[in-house]
Amino acid sequence: MAKIEIEIDGKLVNARAGEMLIAVTDRESISVPRFCYHKKLSISANCRMCLVDVEGAPKPQPACSTPIADGMKIHTQNEKAKASQKAVMEFLLINHPLDCPICDQGGECELQDVAMDYGSDVSRFTEGKRIVADSDIGALIQTDMTRCIHCTRCVRFGAEIAGIMEMGGTGRGEDMKIEPFLTEGIQSELSGNMIDVCPVGALTSKPFRYELRSWQMNSMSNIARHDLVGSNIYTQTYKGKVKRIVARDNDDTNETWISDRDRFSYEGLAHENRLLAPQIKVEGEWKEVEWNVALDFATRGLGNSVLNNHQSDQLGALASNTATLEEFHLLQKILRELGSENIDHRLNVKNLNSPIALDSNVKLVNLENMDHALIIGSYTRLEQPMVNHRLRKASLKGATVDVINAMEFDFNYSINSENIIAPNKVVATLAGVLKVVLESKQQELPDYLTSVKTDDVITELAEKLLAEGQSVIVLGEHVINNDSAASIANLITNIAKQTKSSTLNLSASGNSMAANLSGFVPGKGGLDVNAMLESELKAYILLDVYPHYDFHHSIKAIDALNKDGAFIISLNSFKDKDVANYSDVMLPISCFYETSGSHVNIEGEIQSFTASVSAPSDTKPAWKVLKVLADLLELPGFHYADSAQVTSEITHQSHKSHVHDENIDLTTKQGIQIIWQKSPYAVDALSRHAISLQATKIGQMNSASMNKATAKKLEMTQGDEYLGVPAIISETVANNCVFVNANRSTQAGGQS
Amino acid sequence: MNEVCFKTLDQKKSWSLKTYEANGGYSVWRKILKGELTPDQIIDELKTSGLRGRGGAGFPTGLKWSFMPRNADVQKYVVCNSDEGEPGTCKDRDILRYNPHSVIEGMAIGSFVMNATKGYNYIRGEFMEPFYRFEGALKEAYDAGLLGENLDGSSVSFDLYAHLGAGAYICGEETALLESLEGKKGQPRFKPPFPANIGLFGMPTTINNTESFASVPEILAQGGQWFADIGVENSGGCKLFSVTGHVNEPANFEVPMGIPFKDLLEMAGGIREGRTLKAVIPGGSSTPVLTADAAMAMTMDYDGIEKAGSMLGAGSVIIMDDTTCMVEALTRLAHFYYDESCGQCTPCREGTGWLYRVLKRIMDGNGKADDIDLLLGVQDKIIGNTICALGDAAAMPVESFLRNFRQEFEYYIEHGKSMVKG
């Protein structure tokens, strides 16, 4: 756009033709009051607070919706502008309660702030004020709609960003109410952002209600670790406790938004189920002890069970995907120094015979510029909300999205073709796509493709990828349940290469990218998790492992870990019955936001953070525990003063490229296929202990969905317990397939 | 009288295609279909005619039509605003009832000028009879091959639909009308962009009032100059005036612009029961009220009414005699705008309720000495600060009632009762 010059309050300013005036004043730090304007939402121009005087215009013009033109002269502070701004302020305040002392927004209220400049000391309004009845809209957002100033930011957020228009303006005039259209409450996985965008105390955080004033808290930058994005956040703390989390702008990752999981999981930190003191098991009884006693007990135990007998190959280390980069690094370093390569974090992957080797080679910001996306095995909306947000943006810009899933999901953008097939048919479908792609390029077919069948659906999937424009193939987390996971990944790699598509591997979430970066996988001669459990190792170090949730083969895993004779050191932040059963020593570690460390996101970006609060009670950051354990084991190279030194060691080491097994095997098992997924708010121990999150509809997701035919084969009816969760009979599920979403520990757990 | 929109009024089945055609109807449209008229010729004639938007704003129609990007390679729309809701206005209803084909032909001509092949007539929700009349006329026009695709073998196509509103005054505001037509809540859009660039479904759109469209065929049939000569300088042609209130024979009159107000009053049978004229709202409830003296001296044209201190608006003349309590009248008007504000933007949403409540309080006998200043202050803060003109419409009567009849308000506040009614 053409560069132009305009005059604001007598000052010449450069701008681009067609820009809205408020964008220019914001850039130039010229203060223009506003309520409805939000840089990431569409313009609505309804609050009228940003009225300014544009020379030549008979009426004052709203800065938010006035496109600038060359030579325009604008006054933001002259009498005319001020008169309009003060008029609007007076109107906004006549029906506003003015009960700031008992309003949760007090101190961080845009209305309160602007009223200081533009409001009057005395109200001329002596009529009765408007009162609006509130309805319960769910566990996360507290409403007080009497305070609402009808700016419609929350409405626009829902319609434009969340993709579900849950809030709307009903009624007319003074009686217009901002409320959800439905009575079920707010359902969006991004709903908490409505709290951030609400300029007043109409929508506030329910878990945080009446807790504190904003000025009482420290706001510290941190990184959320629940998914592969690593959303940037502020943790707001008071007296050593995280009291609230809000979004921190970063256009490369989460823009201005965060998922509800990232926003509300902090509640779990204060859960009574936290493991707060080191404990050792003496003659079958747990005993709370001092750290030095526990660590001494742990090192002696390791010595007796494996080290003293030179049986370090009988030692294994397992970690869940919540650990920090530094923790992964230190634990694998300890194992390797001791001479063991039995290291793994892929606890929930069904088939580890060959790794799911698929690179992610697209930036999050570039996802929105895609012309086409093929999503395989993912409900991106709930599993990776901020990745899905970018895909939605692409879709709104005109991108087509195809899906291959085992079940129909409620995407918040239009899906071009939704292919619902059982997991054992995915590999054949992708092989078909590759075949069509190769044929269209008149390339020779490898042997394994010659007898592969194709049909119209497969051809269309291929043609979309072959079409002009940039495509991305997204592989989701459901693939970890698939026996053919490795072949699926290899097929995608080949398809992507042939079609010049980007790829995005969302198959392992949390901080799994950090596990890969630090080499937290079995080395040469080492055992993977399934092999470890089968070989009944003599000692384990388990980092924040909760067996019922974390292992795909949870029953087998618990049985294996409970076998007599194995010495097990568990580092956990929460108590767990099974952990207590099989462990010999439990070391309480700090949780999210209580430790420094790093998250590695899907782009490979290392985002480091410091602890926002100190570790509660007798807990210690795991990196420190591991460092001391290494010292006690008299291992060299663990002289770190802080976690940043660990980070620097990792970034300076050369990273081994993993050897990929490029074999593609199209044979599949027949019979009923099961996809076992932790429900979106049960992905890690912290989320599972966040009671408000758990009270939402997404938090309550706990079901085994299957169609009628499958139910008949399994002799199931609606509500029967299947693998520990209630069965739901629904034709949205592929035939011969059960889709399990589990949000709580069950006696069945995952299975093979 | 009755030369344009009401041309067929005194004839049998005035709304039928037969009657319309017997009076020269569709001759212009047929000329267009034969390729004998160009868009530029039509725009020139309209400019010559001095036709100004009859919905209230008075924007020159020819100029408005020339703004449309007629050569843009996108779907364009013509929309007729028949959401006649301004208190005092009842002219468009009668055009739809008695001469619907003039609207159809006017819209068809407009569609040709602006190269729009689709049109909608948005009809006020309460207008059931006019709606069915218009639907009937549409059917006749389609059956006669006057609407549809490639009409008469030409390249001209025009499909026209009638749409019934749901009873919101605000949908008479053209962009709220577009929102409603799109199936959304009827709330005005901020401008720019204007509908000529981004209108219905985001496409270039021209919206005109029913009377404006209905005037077009006759103007083109008789010539722009003919129309202009009927009226006066700056107010071409004739205009429908709806005369209501305290007159003996309230009615719609299609008379030349510039007619003295007193003549119009005479046509409506004069003030009822021999009472005297007290006040006149000349252009619909949102235009400033005038005293009897000012009204009796004015002529009914844009400049004449402006000179008298008000606006021609939609030509909706509300007559009030000496039994009228101006406090009560203004309170009723304020309630209307309070009730009809869409609630979108702050000054109107909050201000209309404030105005009404203060007036209601005065009516309840609880007025305070500074209430008049308060009312003047509040209306002044609404004017010019809103997204659409409803805010101004709510505010302007307050200012003019208080300016012209202040003593009645002071009396009511002081005595707690009406100066007129006791």
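Residues numbered from 1 in each chain as written. Chains lettered and ligands numbered in written order. Predicted model: local features only at pLDDT ≥ 70, side-chain atom pairs only at ≥ 80, totals over all residues. Heavy atoms only, no water.

Q: Just give me the short version of the overall build of chain B, but keep the residues and values in it.
A: If you tally the helices and strands in chain B, you get 18 helices and 11 strands. Compactness check: chain B gives a C-alpha radius of gyration of 22 Å against a globular reference of 22 Å for 422 residues, within 12% of the reference. Expressed along its principal axes, the backbone C-alpha trace of chain B runs to roughly 75 × 45 × 35 Å. Counting only carbon and sulfur atoms, one obtains 50% of the accessible surface of chain B, whose full area is about 15400 Å². Taking the average location of the 41 positive side-chain charges in chain B and that of its 55 negative ones, the two points are 3 Å from each other. (Helix = DSSP H or I, 4+ residues; strand = E, 2+ residues; numbered from the N terminus. Rg over C-alpha atoms; globule rule 2.2 N^0.38 Å. Areas by Shrake-Rupley, 256 points an atom, 1.4 Å probe, with all protein chains shown as cover. Lys, Arg positive; Asp, Glu negative; His and termini not counted. Charge placed at Lys NZ, Arg CZ, Asp CG, Glu CD.)

Q: Quick rundown of the domain arrangement of chain A? Include the residues and the values.
A: Reports of interface size often rely on the accessible area that becomes lost once the parts have come together. Split into domains, chain A comes out as domain 1 (3-93), domain 2 (126-256), domain 3 (279-352 + 512-651), domain 4 (364-505) and domain 5 (673-742). For domain 1 of chain A versus domain 4 of chain A, the separation of C-alpha centres amounts to 46 Å. (Domains from an automatic or database assignment.)

Q: Run through the nonpolar core, naming residues and quoting values.
A: Residues and elements named next belong to chain A. Among the nonpolar cores identified, the biggest contains 76 residues, and Met49, Leu111, Met167, Leu367, Val472 and Leu504 are the most heavily contacted of them. By residue number, the principal contributor to this core is helix α4 (residues 153-162), which donates five residues. Judged by nonpolar contacts, the second largest core, of 56 residues, contains Ile488, Leu542, Phe551 and Leu561. (Core = buried A, V, L, I, M, F, W, Y, C linked by side-chain atoms within 4.5 Å. Buried < 20%, exposed > 50% of the residue type's maximum accessible area, 1.4 Å probe, protein only.)

Q: Now, about the pattern of salt bridges: what can you tell me, with residues and values included?
A: A complete count under the given rule lists 69 salt bridges over all chains for this structure. When the shortest N-O distance is used, the salt bridge between Arg381 of chain A and Asp410 of chain A registers 3.6 Å. Of this pair, Arg381 of chain A sits in helix α10 (residues 380-383) while Asp410 of chain A sits in the loop between β18 (400-405) and β19 (417-420), placing them 29 residues apart in sequence. Its relative accessible area of 5% is what places Arg381 of chain A among the buried residues. Judged by its relative accessible area of 51%, Asp410 of chain A is exposed. The partner of Asp371 of chain B in a salt bridge is Arg361 of chain B, and the shortest N-O contact between them spans 2.9 Å. One end of the pair, Asp371 of chain B, is in helix α16 (residues 371-382); the other, Arg361 of chain B, is in helix α15 (residues 346-363), with 10 residues separating them in the sequence. Grouping residues by exposure puts Asp371 of chain B and Arg361 of chain B together as buried. Among the charged side chains, a network of salt bridges with common partners joins Lys40, Asp251, Glu255, Glu368, Arg390, Lys393 and Lys397 of chain A. (Salt bridge = Lys/Arg side-chain N within 4 Å of Asp/Glu carboxyl O.)

Q: Can you lay out helix α22 (residues 643-652) of chain A for me, pointing to particular residues and giving the numbers?
A: Residue and element names in this part refer to chain A. Residues of α22 that are buried: Ser643, Val646, Thr647 and Ile650. Down the axis of α22, the buried side of the element spans an arc of 100 degrees, and every buried residue falls inside it. Those residues of α22 hidden inside the fold are in contact with α8 (325-338), α16 (512-517), β25 (597-600), β26 (606-609) and α21 (622-632). Between a side-chain oxygen at the N-terminus of α22 and the backbone nitrogen of Ala644 the separation is 3.1 Å; the capping residue is Asp642. (Arc of directions from axis to C-beta. Contact = heavy atoms within 4.5 Å. Polar contact = N/O pair within 3.5 Å; in protein donor to acceptor, adjacent residues only side chain to side chain.)

Q: Any chance you could break down the interface of chain B and chain A for me, citing the residues and the numbers?
A: In this assembly, 35 residues from chain B lie in contact with 33 residues from chain A. Taking both partners together, chain B and chain A bury about 2900 Å²; carbon and sulfur atoms supply 52% of that area. When residues of chain B are sorted by the area they lose upon contact with chain A, Phe190, Glu350 and Trp354 of chain B head the list and together hold 23% of the total. Our enumeration of links across chain B and chain A arrives at six salt bridges. With its nearest N and O atoms 3.5 Å apart, the salt bridge here joins Lys59 of chain A to Asp392 of chain B. Our enumeration of links across chain B and chain A arrives at 20 residue pairs in polar contact (both at pLDDT 80 or more). Among the elements that take part in the side of chain B that touches chain A, α15 of chain B stands out by supplying 10 residues, more than any other. Of the residues belonging to the side of chain B that touches chain A, the class tally is 13 nonpolar, 12 polar and 10 charged. (Buried area = accessible area lost by both parts, 1.4 Å probe. Nonpolar A, V, L, I, M, F, W, Y, C, P; charged D, E, K, R; others polar.)

Q: Tell me about the side chain of Thr696 of chain A, residues and numbers included.
A: All names here are of chain A. Among the structural elements, Thr696 can be located in the loop between α24 (691-694) and β28 (703-706). Looking at Thr696, its side chain comes within polar contact range of the main-chain oxygen of Leu693, at 2.6 Å. Every residue in contact with Thr696, bar those within four places of it in the chain, is listed here: Ala139, Leu140 and Tyr681.

Q: Pulling in residues and values, what's your account of empty space enclosed by the protein?
A: Residues and elements named next belong to chain A. Throughout the structure, instances matching the rule amount to 11 cavities of 30 Å³ or more. If you add up the space inside the largest cavity, you get close to 290 Å³. Lining the largest cavity are 25 residues, with Asn321, Asn348, Ser509, Lys678 and Val683 sitting closest to its centre. Taken together, the residues of the lining of the largest cavity break down into seven nonpolar, nine polar and nine charged. When residues are assigned to domains, the lining of the largest cavity turns out to be shared by domain 3 (279-352 + 512-651) and domain 5 (673-742), each giving three or more. There is about 170 Å³ of room inside the second largest cavity. Along the wall of the second largest cavity there are 19 residues; nearest its centre are Glu477, Ile480, Trp676, Gln677 and Lys678. Counting only elements with at least two residues in the lining of the second largest cavity, the list comes to α18 (547-550), β27 (673-678) and β31 (737-742). Ranked by residues supplied to the lining of the second largest cavity, first place goes to β27 with three residues. (1 Å grid on protein atoms, 1.4 Å probe; cavity = no way out; pocket = protein on both sides within 12 Å on 5 of 7 lines; lining within 4 Å. Points joined across faces, edges and corners; volume = space filled by probe spheres on them.)

Q: Outline the state of the cysteines, supporting the account with residue identities and numerical values.
A: All names here are of chain B. Within this structure, the stated rule accounts for zero disulfides over all chains. Free cysteine Cys345: the closest other cysteine sulfur is in Cys348, separated by 5.7 Å. Looking at Cys345, the relative accessible area reads 7%, which means it is buried. (Disulfide = S-S within 2.5 Å.)

Q: Can you tell me about the environment of Ala704 of chain A, naming the residues and giving the values?
A: Residues and elements named next belong to chain A. Within the element layout of this structure, Ala704 appears in strand β28. Separated by 151 residues in sequence, Ala704 and His553 place their C-alpha atoms 17 Å apart. Each residue touching Ala704, except ones within four places of it in the same chain, is listed here: Tyr722, Val725, Pro726, Ala727, Ile728, Val738, Phe739 and Val740.

Q: With reference to specific residues and values, describe the sheet that holds strand β8 (residues 277-281) of chain B.
A: Residue and element names in this part refer to chain B. Reading across the sheet, the five strands line up as β6-β5-β11-β8-β9 and stay open at both edges, with mixed pairing between neighbours. Edge positions in the open sheet fall to β6 (251-256) and β9 (290-291), since each of these has one partner strand only. As defined by bridge partners, β8 adjoins β9 across two bridges and the pair is classed as antiparallel. Paired with Ala279 across the strands is Thr291, a residue of β9. The strands touched by helix α5 (residues 91-98) are β5 (238-245) and β6; relative to β5, the strand with the most contacts, the crossing angle is about 115 degrees. (Pairing = 2+ DSSP bridges. Axes fitted to C-alpha atoms, helices over the stretch in contact; angles between N-to-C directions.)

Q: Account for a nonpolar patch on the surface, with residues named and values stated.
A: The grouping of Met165, Phe181 and Leu182 of chain A at the surface amounts to a nonpolar patch, some 330 Å² of accessible area in total. Look at Leu182 of chain A and you get exposed, because its relative accessible area is 60%. (Patch = residues over 30% accessible without salt bridge, like charges linked within 9 Å, V, L, I, M, F, W, Y side chains within 5 Å.)

Q: Please provide a residue-by-residue account of the packing of helix α3 (residues 39-49) of chain B against helix α6 (residues 100-113) of chain B, values included.
A: Residue and element names in this part refer to chain B. Running from N to C, α3 and α6 cross one another at 125 degrees; their axes reach a closest spacing of 9 Å. One way to sum up the angle between α3 and α6 is to call them oblique. Every pair of crossing elements has a handedness; the one defined by α3 and α6 is left-handed. Between α3 and α6, the contacting residues are Pro39, Ile42 and Ile43 on the first element and Ile109, Phe112 and Val113 on the second. Its residues assigned to classes, the contact of α3 with α6 shows six nonpolar, no polar and no charged. (Parallel < 35°, antiparallel > 145°, perpendicular 65-115°, else oblique. Left-handed = near helix turned anticlockwise from the far one by under 90°.)

Q: Give me the packing of aromatic side chains: which residues, what numbers.
A: Scanning the entire structure with this criterion turns up 23 aromatic pairs over all chains. Ring geometry for Phe125 of chain A against Trp354 of chain B: centres 5.3 Å apart, planes inclined by 80 degrees, an arrangement best described as edge-to-face. Here the residue Phe125 of chain A occupies a position in the loop between α3 (110-118) and β6 (141-143), and Trp354 of chain B occupies one in helix α15, the pair thus bridging two chains. We classify Trp354 of chain B as buried; its relative accessible area is 1%. An angle of 75 degrees between the planes, with centres 5.8 Å apart, marks the rings of Tyr169 of chain B and Tyr337 of chain B as edge-to-face. Of this pair, Tyr169 of chain B sits in the loop between β3 (159-164) and α8 (174-181) while Tyr337 of chain B is found in helix α14 (residues 326-340), placing the two residues 168 residues apart along the sequence. An aromatic cluster of three or more residues is present, and its members are Tyr379, Phe409, Phe411, Tyr413 and Phe739 of chain A. In this structure, Arg248 of chain A packs its charged tip against the face of Tyr234 of chain A, placed 5.8 Å from the ring centre. When the ring centre of Tyr549 of chain A is taken as origin, the NZ or CZ atom of Arg688 of chain A, which lies over that ring, is 3.6 Å away. (Phe/Tyr/Trp six-rings, centres within 6.5 Å; stacked < 30°, edge-to-face > 60°. Lys NZ or Arg CZ within 6 Å of the ring centre and 35° of its normal.)

Q: Describe the sheet that holds strand β3 (residues 51-54) of chain A, listing the residues and the values that go with them.
A: Residue and element names in this part refer to chain A. Taken together, the five strands give an open sheet; going across it, the order is β2-β1-β5-β3-β4, and neighbouring strands pair in mixed fashion. The outermost strands of the open sheet, each flanked by one partner alone, are β2 (11-16) and β4 (61-62). Set on the sheet, helix α2 (residues 79-94) makes contact with β3 and β5 (73-75); between it and β3 the angle comes to about 160 degrees.

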